[in-house]
6 protein chains.
Amino acid sequence: MFYHDGGKLQYEVKVDKPDPIFAKQLQQAIGGIQGEIRVALQYMFQAFGARGPSKFRDMLLETGTEELGHIEMLATAVAMNLEGAPLEKDAAADADPMLKAILGGMEPQHILSTCAAAMPVDSDGVPFNCSHVYASGNIAADMLANVMAESTGRILAVRLYHMTNDYGMKDMLKFLIARDTMHQNQWLAAWEEVGGKEAHPIPNSFPQSEENEDVNYTFFTLGKDNTVPVPKGRWSSGKSVDGKGTFTTEPMTPHGKKPDLGYAKPKSGAQSEQIKE
Amino acid sequence: MFYHDGGKLQYEVKVDKPDPIFAKQLQQAIGGIQGEIRVALQYMFQAFGARGPSKFRDMLLETGTEELGHIEMLATAVAMNLEGAPLEKDAAADADPMLKAILGGMEPQHILSTCAAAMPVDSDGVPFNCSHVYASGNIAADMLANVMAESTGRILAVRLYHMTNDYGMKDMLKFLIARDTMHQNQWLAAWEEVGGKEAHPIPNSFPQSEENEDVNYTFFTLGKDNTVPVPKGRWSSGKSVDGKGTFTTEPMTPHGKKPDLGYAKPKSGAQSEQIKE
Amino acid sequence: MFYHDGGKLQYEVKVDKPDPIFAKQLQQAIGGIQGEIRVALQYMFQAFGARGPSKFRDMLLETGTEELGHIEMLATAVAMNLEGAPLEKDAAADADPMLKAILGGMEPQHILSTCAAAMPVDSDGVPFNCSHVYASGNIAADMLANVMAESTGRILAVRLYHMTNDYGMKDMLKFLIARDTMHQNQWLAAWEEVGGKEAHPIPNSFPQSEENEDVNYTFFTLGKDNTVPVPKGRWSSGKSVDGKGTFTTEPMTPHGKKPDLGYAKPKSGAQSEQIKE
Amino acid sequence: MFYHDGGKLQYEVKVDKPDPIFAKQLQQAIGGIQGEIRVALQYMFQAFGARGPSKFRDMLLETGTEELGHIEMLATAVAMNLEGAPLEKDAAADADPMLKAILGGMEPQHILSTCAAAMPVDSDGVPFNCSHVYASGNIAADMLANVMAESTGRILAVRLYHMTNDYGMKDMLKFLIARDTMHQNQWLAAWEEVGGKEAHPIPNSFPQSEENEDVNYTFFTLGKDNTVPVPKGRWSSGKSVDGKGTFTTEPMTPHGKKPDLGYAKPKSGAQSEQIKE
Amino acid sequence: MFYHDGGKLQYEVKVDKPDPIFAKQLQQAIGGIQGEIRVALQYMFQAFGARGPSKFRDMLLETGTEELGHIEMLATAVAMNLEGAPLEKDAAADADPMLKAILGGMEPQHILSTCAAAMPVDSDGVPFNCSHVYASGNIAADMLANVMAESTGRILAVRLYHMTNDYGMKDMLKFLIARDTMHQNQWLAAWEEVGGKEAHPIPNSFPQSEENEDVNYTFFTLGKDNTVPVPKGRWSSGKSVDGKGTFTTEPMTPHGKKPDLGYAKPKSGAQSEQIKE
Amino acid sequence: MFYHDGGKLQYEVKVDKPDPIFAKQLQQAIGGIQGEIRVALQYMFQAFGARGPSKFRDMLLETGTEELGHIEMLATAVAMNLEGAPLEKDAAADADPMLKAILGGMEPQHILSTCAAAMPVDSDGVPFNCSHVYASGNIAADMLANVMAESTGRILAVRLYHMTNDYGMKDMLKFLIARDTMHQNQWLAAWEEVGGKEAHPIPNSFPQSEENEDVNYTFFTLGKDNTVPVPKGRWSSGKSVDGKGTFTTEPMTPHGKKPDLGYAKPKSGAQSEQIKE
């Protein structure tokens, strides 16, 4: 069960000079695949479905709850950046290239659909789709999904930081960037608690003796012939990262033959030419 | 540029006893978020946009190309599992609970839309959406995204392996599970090549001195009061995983105040009650 | 900013006899358009963008926070209903029509993708899409959107109540149905606080003298000719509900003529036949 | 069954000075969630599935048919606003900030995909998704959904009216705004015909004695502690709006305990650490 | 502008024995990509944006209007097939494999979300997405898109015809199949009116002298080497179908070299390793 | 199974003067419904599910493989056009209308989400959705779907050609336009191999004697009355294009009556007013 603090913000949100194009860019941090709705729901769904040691569930709930507060901060920042956005067209607007550029570069729905407030969409106006809430139920996989989400989240926050020169916005982003630093570390720590790289291959509850052991540590190359150079790296030879095998490199060749699905069935909807009587 | 092998399969696909409900489940491995379309396109888009050391681009291209062959294998497996699926309704079908269960449990579009073949959709019939092609351009983040994709991919393949008792299908899945083992290792290896956990926080090109250093290694708890237990773990104290800070644990408190967006603008579309004259 | 209660549930969730088909149906209440993710985010986004009297923002925050707890309850209920779901196929399963029916009728991803836990999707497996978070910024329109959401929410909860005979599930649904009763009343009350039906047409900040007053209280009929009966009701005559006009009924006739877009431009991509030289 | 009038428009559509950026904004009224495709299909699906008194079905059909004509008008308006849009790039275009602003601010697909015509997408280019066709089969809920749709529809039309200074466009919008006025009244009238606020809670066919009567008229507050002010209003005390209860206000406390889903099943895909032997 | 006939159906819809699983399958014909919403909107948007000879616009409007009536018929058929669908669960239902199979095989939202009526979704419950409304503005391309839509539409109707043995449903489908026959012919006829195959390549308004004439009639093969057989057919040699060239067959070889995007920019969000100082 | 050529491009990609707005437009050719991801996957899925004469499967595989190379070329072109895109905001940028126009007109995610590289989205940032991979399993329908895809593909490439004046980009597009010319011809040739227009109505495996022969060659008009002119053309009289019937023209009249779904069931979720006791 959840509570609130009467709308007090986790960190101060100030906008010195509203900028409707930056408001559009900020939307990515709300409703983008790297955004706060995603992580808030992701950590919650991981928590709500957690099985096994309870401390993971508990920790997921902490940080999922924190992310809710980030949605709140960013939605506030969007609304503040829309103060002063053009709500009306007059002859002047039509003749001024700067106004034209602002109008054309804004999220149109910020003036058409919300009375100047944030939406749960990305910077292209594409609504957040909950298929991006990754919650596999496998704790190691989920911790990695979280490291990854926070990594792209921090890239995004850094990019936004460079795209504004507003003091208030930069200050808010410094806070969010720092939280992403912590969260990357936190999920890495949790991944290490369940074994880290030695816990691979995920899921470790499936015996590797049942997988095809001829190909489970082979880096296959698929260059069309010998003229294509083979990329070498940590992955191409030596002990595997999980410590359970040895990397080899081989050109891939077909193990199967060309499939033949035969003819279509009479009432399957195919053309007569595809059907053999 | 790409080539093919006349349709020869990377690994043999045989179905001993076709099963249309398993055909539906296999769709998850084609068009699900953990499926092969996703990884094929993901590795390709990461390759096509790669900047920096070229070996990463080269390796991405190898494995992206391999995954194309996995789509081919799985699409073949779906078509084979649909051999013998009910294409017609007769009185018998209506009275037999087993036939009814099969009809109701199938992907309806396998009989309505494809003449008994695979679709680029998941096991619920939801089409694959390319927003799941994660390609941030940051090589460390991308390698992690790939470890994660292969982790959930192997979970899925393992689950499918348990849901069939067909010898041919189990054999194909043993191959795919083994490849997921390799690919988890491969992307972990690539992540280690660019620094592994010490390369965090991602992006490492942003100076941490610009982030808010008061909160960048703090595990914040958000329990409503002192009665809520605090989850402890590797994340709550000690050296941070990236080696650059020290974990602390603190209850979060609001740093900002409740925002006040004031009144709405006269022509913004709000009600008069929200507008101050 | 938000807090939690260590995962304590707003109301008890007990499942006496797990039922994986009911787990699938319950998904509608989590990720359906009438579900809890929708209302939680809707009330929050309305709050975060609220302008005008602050009590609306405050109230929205209260109930948005409550709905977060409902997601938690329902996700727990789904996980509990998946206890004992088939995780493996053996010969027996293949021959038993009841097991076949359960397997075919389940959400396949509950066994393939989540290790037996809830997802942010509806009962067809379609992920929740945040375009359903209605937050127009106009307080009267938003309150109505909320009444409507809770109305379909209660219909859904009632339908789920009829589809189970599990004591624990029925008890949980009685709680949720009651909350929907309150919330319908609450949003109606808020709508009345800003004028209720007299506050229409929304937005009331636009002067009706600027709309086309010839057609603003006319019920137009579009039957093809006089043989089509005209539906009569409260809407066809008498004082309008907003108190500002009088309903009349008229057959609609075209006020405009057939448009002629003329020929296509030479380099527009049209066929030559569509282009006039 | 439906008929047409050879393409004559319900109301005149004239564009004095084509404006491709306004064409993009107009798309919201075609394919946005507040747009005409939505209401046309919504009223039709409500009609096609209507059970009970036939006059509602009949009325829904009337207005659904009218909305089809609105799609036609707006699609025409978009095409007319695209007359003269840039179809070619030359050196001049590259150097003129005004042309650059127009090019960047247009819907790119208006030049790339349609030979200068409308699309069934919103002002961000996001295609209309029929999940927004709300048709619950419950007549009172559906009438409310319609009031709401017309309320946001009128907000949108008003906003568009302010964003243009073209005489023809303003005249067309005056007509559409007026129709939204009527339609808000019409659906409110229909809602009152089936009981209006006294018909709540919807569905009224479910006996309230079966809901949890301890919490069905309680406004729950979820402030984390006593320092968070409680919002007071029509919803916090007094007779409930449906006339069937009395509003009270109470702080919410957990009625349930922290759930424990236990350990994961051996073959569920979880990590070994989550599985108890 | 559009009219209706008071809800009279274009063709009789009778259901002798309601079948909720068939109701689910019928949804494909309403909201599937081959369904009636698609063609109705497609023909309308093509009409609304038509430029050039007006008879195409006029004809598109005729058939778009007809398709609206098909949505109506199919929605009625779905509702009728849901008569008698299980609305309640009792102990009996739990023990009867036939009832279980029906419950599991139904569209769950037909009982949860619509009070037993149709939705604008496909047979998997995926909502129709208007990106499938193909309207390019090029008349020849659009006519082909329509032939194709009616071709898959007829395949679907034929498949549905085989999946029912209800007299009324078969009779309705005979009507729809016949209309698809006409519509395939009609769009082929329209395509021939604008030149048919000789009008290719579309758009014919672009001079072929500006395309790369070395590769515009070459069938490229991409087998990895000489061991892969080359498919021969009408496409591999002889006069091209448009009459403007001669087909040749050649193995494709790269005309370009491996691209090198170089290093990433310092503030682009990449890792330091990707950035050259 | 597939191979690659070490990243060598099928055709040279050069950008003389990077243009971030053109990068956004190019996205349509990657992830638009007319784009290369669509055709690559479409031809592959058609191949993977092909039944009947094997040469179609073989040919589909050839061209599907070619299209993979086109994705690669276009993704490279996007990345090259983003060289020099604004990665930082400074005071100058804020004051220069040309910079403002570029910033507002770019795909924001090209700077926020990808470190300046392509995404699998269209020119509005809407991710490609695999429902556009048309693969019906009926060979004639699929060949037509392919002609259509290449027709709109060439329209798009032509439009892009006009929107740039960069020599390198124009040269690349000349190549792609030429390939679209070939592919239109190729799929038309394949369609002719299975009978061309005489093979209609598709599917030809369904006996026309089972369709309603009263209406299978009738062009129905739906003008509301005699004042609406009837469009005449090749479709309105004469021998049908498939050679199997004769076109006639008739005004459509309802063959069915107004449906009556009666009252709602007691526990269906409807209002009491819709339920008859």
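Look above for the structure.
Residues numbered from 1 in each chain as written. Chains lettered and ligands numbered in written order. Predicted model: local features only at pLDDT ≥ 70, side-chain atom pairs only at ≥ 80, totals over all residues. Heavy atoms only, no water.

Caption draft 1: Structural context of the pairing of strand 2 (residues 218-221) of chain E. All names here are of chain E. The alternating pattern of strand 2 places T218 and F220 on one face and F219 and T221 on the opposite face, and all of these are buried. As judged from the four bridges shared by strand 2 and strand 4 (residues 246-251), these two strands associate in the parallel manner. Bridge assignment links T218 to a residue of strand 4, and that residue is T248. (Buried < 20%, exposed > 50% of the residue type's maximum accessible area, 1.4 Å probe, protein only. Helix = DSSP H or I, 4+ residues; strand = E, 2+ residues; numbered from the N terminus. Pairing = 2+ DSSP bridges.)

Caption draft 2: Representation of the environment of E:F48. All names here are of chain E. Along the chain, the position of F48 falls in helix 2 (residues 36-48). Judged by its relative accessible area of 2%, F48 is buried. For F48 and M98, which are 50 residues apart along the polypeptide, the C-alpha to C-alpha distance reads 49 Å.

Caption draft 3: Just the interface of chain D and chain B, in detail. Residue-level contacts link seven residues of chain D with seven residues of chain B. When chain D packs against chain B, close to 670 Å² is buried across both sides, 59% of that on carbon and sulfur atoms. Applying the counting criterion to the chain D and chain B interface returns zero salt bridges. Taken together, the links from chain D to chain B amount to two residue pairs in polar contact (both at pLDDT 80 or more). A breakdown of the residues in the side of chain D that touches chain B according to their chemical character gives one nonpolar, three polar and three charged. (Contact = heavy atoms within 4.5 Å. Buried area = accessible area lost by both parts, 1.4 Å probe. Salt bridge = Lys/Arg side-chain N within 4 Å of Asp/Glu carboxyl O. Polar contact = N/O pair within 3.5 Å; in protein donor to acceptor, adjacent residues only side chain to side chain. Nonpolar A, V, L, I, M, F, W, Y, C, P; charged D, E, K, R; others polar.)

Caption draft 4: Structural view of the interface of chain E and chain F. With 103 residues of chain E at the contact, the number on the chain F side is 103 residues. Each partner contributes to the roughly 9200 Å² buried at the junction of chain E and chain F, and carbon and sulfur atoms together form 66% of this total. The tally of links from chain E across to chain F stands at eight salt bridges. For F:E192, the salt bridge identified is with E:K197, shortest N-O distance 2.6 Å. Counting the contacts that link chain E with chain F gives 54 residue pairs in polar contact (both at pLDDT 80 or more). At 16 residues, the largest contribution of residues to the side of chain E that touches chain F is made by helix 8 (residues 167-193) of chain E. Looking at the side of chain E that touches chain F residue by residue, the classes come out as 46 nonpolar, 31 polar and 26 charged.

Caption draft 5: Seen up close, helix 2 of chain E. Relative to the 18 Å expected for 13 residues at 1.5 Å per residue, helix 2 of chain E spans 18 Å between its end C-alpha atoms, a close match to the ideal helical length. Extensive coverage of helix 2 of chain E is indicated by the burial of 13 of its 13 residues. (Expected span 1.5 Å × (residues − 1).)

Caption draft 6: Spatial organisation of the relation of the copies chain D and chain B. Once turned by 180° and shifted 0.0 Å along the axis, chain D lies on chain B with an RMSD of 0.0 Å. Expressed as a symmetry operation, the mapping of one chain copy onto the other fits a two-fold axis. Among all residues of chain D, the minimum C-alpha distance to the rotation axis is found for D:K224, at 2.9 Å. Comparing interface residues between copies, 100% of those in chain D also sit at the interface in chain B, which points to an isologous, same-surface contact. (Least-squares fit on C-alpha atoms with pLDDT ≥ 70 in both.)

Caption draft 7: Spatial organisation of the sheet that holds strand 3 (residues 238-239) of chain F. If you walk across this open sheet you meet the three strands as 2-4-3 (chain F), and the pairing is mixed. Of all strands in the sheet, those bounded by a partner on one side alone are strand 2 (218-221) and strand 3 of chain F. Where strand 3 of chain F lies against strand 4 (residues 246-251) of chain F, two bridges are found, and the strand directions are antiparallel. In the strand pairing of strand 4 of chain F, F:K239 is matched with F:T246. The sheet contacts of helix 8 of chain E involve strand 2 and strand 4 of chain F, and relative to strand 2 of chain F the element is tilted by about 90°. (Axes fitted to C-alpha atoms, helices over the stretch in contact; angles between N-to-C directions.)

Caption draft 8: A look at the pattern of salt bridges. Scanning all chains against the criterion turns up 72 salt bridges over all chains. Of the charged contacts in the structure, one is a salt bridge between C:E66 and C:R179, with a shortest N-O distance of 2.6 Å. Of this pair, C:E66 sits in helix 3 (residues 54-81) while C:R179 is found in helix 8 (residues 167-193), placing the two residues 113 residues apart along the sequence. Of the two residues, C:E66 and C:R179, both sit in the buried class. With its nearest N and O atoms 2.4 Å apart, the salt bridge here joins F:D19 to D:K89. Here the residue F:D19 occupies a position in the loop between strand 1 (2-4) and helix 1 (20-31), and D:K89 occupies one in the loop between helix 3 (54-81) and helix 4 (91-95), the pair thus bridging two chains. Taking the relative accessible area as the measure of exposure, D:K89 reaches 11% and is therefore buried.

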